[in-house]
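# Observations on the model geometry
What follows is the residue order along each chain.
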Amino acid sequence: MWAAVCAISPLLGSLMGMLVARTILGIAEGPLFSLKTRFISDHFSAQEIGKPNAVTALGVSLGLAVGFPLVTWLMAHLGWAGSFYALAALNLVLGGGLVWRFLPAPQGAEQIKKPGFAETFSLAWQTPLLGWILLVEIATLSYLWGSSAWLPAWLRDEHHFSLHATGMLAAIPFLLSLGSKFLGGVLLDKMRPEQAPMLFVVGGALTALSVVALMLSHQPAWLALFMLSANIFWGLQGAAIPAVIQHHAAREAVGSAYGIINGIGNICAAFIPLLMGMVMRSVGSVSSGFSVLVVSQVITLLAGGMLLLRMRRAAAISA
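For the structure given in this document, a descriptive report is provided here. Since the model is a prediction, treat every value here as computed from it, not as a measurement.

Attention now goes to the overall build of the protein chain. Each helix and strand in the protein chain was counted, giving 13 helices and zero strands. Its helices and strands taken in sequence order, the protein chain reads α-α-α-α-α-α-α-α-α-α-α-α-α from the N to the C terminus. Expressed as a percentage of contacts within the protein chain between residues at least 6 apart in sequence, the contacts between residues at least 24 apart total 79%. About 16,800 Å² of surface is accessible on the protein chain, with carbon and sulfur atoms providing 73% of the total.

Following this line, the structure appears as structure tokens:
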């Protein structure tokens, strides 16, 4: 599905056609997040889910780290239409090949009766603290959507880097977030479940401060430092959201609960690049739009603080 949508996108010839294609692409991608969250919940104990969640979260940062320089190179050498065709081929060979390689063989074990769709969906919506977790997910994804959409433009238009340099520089922060995401998973495995929101509190505060410093900086060395530190601190939070869901949701509804969280989160976060563009147009500079990212991380800090208080209180009562 991904390969087919990429291949037909240059042929659509209209904005509406492109929007429909991107919508189909998002629908095709969506179930993967629920599936990997459910897989981890089924195959790892509650005390060791941090690192598996971190490893699966690395895919987003790795994709962006590879994608920025790759797409800019493809556009420079093949044009915008050729870049779509090249991405379609990559999706077909790499994505299709990996899925086929790791597709599990059918099991002959006894089938266990599972709840129906309506019951599972209802259980997912009854997950404790779902609203606060959803708010954290929206804020975290807002940073991802906003920074990935506008960071290249900010480097090119406001700091006058070349197209090639822009792709390479935009990739570096997400490359470094690979390490911080894994570190977040290691920390989660050393924490009690009710302490997991600490990563939202600390990560959100430090990311917000880093973005503010980035907006105020003009020297290349300081720009690089704060750009990298913002993504490092944001990456620390990556494994905590699925871990909190896995601890709170009913076991048979873990995938559905995370699907709700991730689906609504992405729908809301998809408007963040537009909101950043409106701020930029109003103020007149690309860096002004990054204030939206600061707000998103302040929301992460506040919602994470509420989760921390509620989860600690619940743990104390049940002790």
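What follows covers the pattern of salt bridges. Overall, the coordinates contain one salt bridge when judged by the stated rule. Here Arg192 and Glu194 are joined by a salt bridge, their closest N and O atoms 2.8 Å apart.

Here we come to the packing of helix H8 (residues 198-216) against helix H13 (residues 291-318). At their nearest, the axes of H8 and H13 sit 7 Å apart, and the two run at 160 degrees to each other. Here H13 runs roughly antiparallel to H8, going by the angle between their axes. H8 and H13 meet at a crossing whose hand is left-handed. For the pair formed by H8 and H13, the contact residues are Met198, Phe200, Val201, Gly203, Gly204, Ala205, Thr207, Ala208, Val211, Val212 and Met215 on the first element and Ser291, Leu293, Val294, Gln297, Val298, Thr300, Leu301, Gly304, Gly305, Leu307 and Leu308 on the second. A breakdown of the residues in the contact of H8 with H13 according to their chemical character gives 14 nonpolar, eight polar and no charged.

Turning our eyes to something else, we now look at the packing of helix H5 (residues 117-125) against helix H11 (residues 254-269). When two helices pack together, their arrangement is given by the angle between the helix axes and by the axis-to-axis distance. At a minimum axis separation of 8 Å, H5 and H11 run at an interaxial angle of 65 degrees. Crossing of H5 over H11 shows right-handed handedness. Between H5, through Thr120, Phe121, Ala124 and Trp125, and H11, the contact on the second element is made entirely by Ser256, Ala257, Ile260 and Ile264. Its residues placed into classes, the contact of H5 with H11 shows six nonpolar, two polar and no charged.

For the rest of this paragraph, the subject is the packing of aromatic side chains. On inspection of all chains with the given rule, the structure shows three aromatic pairs. Considering the side-chain rings of Trp222 and Phe226, the 5.7 Å spacing of their centres and the 15 degrees angle between planes classify their relative orientation as stacked. One end of the pair is Trp222 and the other is Phe226, both in helix H9 (residues 220-235) and four residues apart, which spans about a single turn.

Once that is clear, we can look at the nonpolar core. Formed by 30 residues in total, the largest nonpolar core has its most connected members in Ile133, Leu188, Phe200, Ile241, Ile245, Ile261 and Leu307. Going through the elements one at a time, helix H6 (130-158), H8, helix H10 (240-248), H11 and H13 are the ones with two or more residues in this core. Ignoring any residue separated from it by four or fewer positions in sequence, one finds Leu307 in contact with Leu129, Trp132, Ile133, Val136, Pro197 and Phe200. Of all hydrophobic cores here, the second largest spans 25 residues; its members include Leu144, Leu214, Ala230 and Leu293.

Let's shift gears to a nonpolar patch on the surface. Taken together, Met1, Trp2, Leu15, Met16, Leu19, Val20, Ile24, Leu32 and Leu35 make up a surface patch of nonpolar side chains, about 910 Å² in accessible area. Elements with a minimum of two residues in the nonpolar patch: helix H2 (15-29) and helix H3 (31-43). The element best represented in the nonpolar patch is H2, accounting for five residues.

Glancing now at the side chain of Thr127. By the element assignment, Thr127 lies in the loop between H5 and H6. Note on Thr127: relative accessible area 5%, which makes it buried. Apart from the residues within four sequence positions on either side, Thr127 is in contact with His248, Ala249 and Ala257.

Mapped onto the elements, Val60 comes out in helix H4 (residues 50-102). Note on Val60: relative accessible area 29%, which makes it partly exposed. Distance from Val60 to Leu144, taken between C-alpha atoms, is 9.2 Å for residues 84 residues apart in sequence. Not counting residues up to four positions away in its chain, the partners in contact with Val60 are Leu144 and Lys181.

Reading the values: the criteria
Residues numbered from 1 in each chain as written. Predicted model: local features only at pLDDT ≥ 70, side-chain atom pairs only at ≥ 80, totals over all residues. Heavy atoms only, no water. Helix = DSSP H or I, 4+ residues; strand = E, 2+ residues; numbered from the N terminus. Contact = heavy atoms within 4.5 Å. Areas by Shrake-Rupley, 256 points an atom, 1.4 Å probe, with all protein chains shown as cover. Salt bridge = Lys/Arg side-chain N within 4 Å of Asp/Glu carboxyl O. Axes fitted to C-alpha atoms, helices over the stretch in contact; angles between N-to-C directions. Parallel < 35°, antiparallel > 145°, perpendicular 65-115°, else oblique. Left-handed = near helix turned anticlockwise from the far one by under 90°. Nonpolar A, V, L, I, M, F, W, Y, C, P; charged D, E, K, R; others polar. Phe/Tyr/Trp six-rings, centres within 6.5 Å; stacked < 30°, edge-to-face > 60°. Core = buried A, V, L, I, M, F, W, Y, C linked by side-chain atoms within 4.5 Å. Buried < 20%, exposed > 50% of the residue type's maximum accessible area, 1.4 Å probe, protein only. Patch = residues over 30% accessible without salt bridge, like charges linked within 9 Å, V, L, I, M, F, W, Y side chains within 5 Å.

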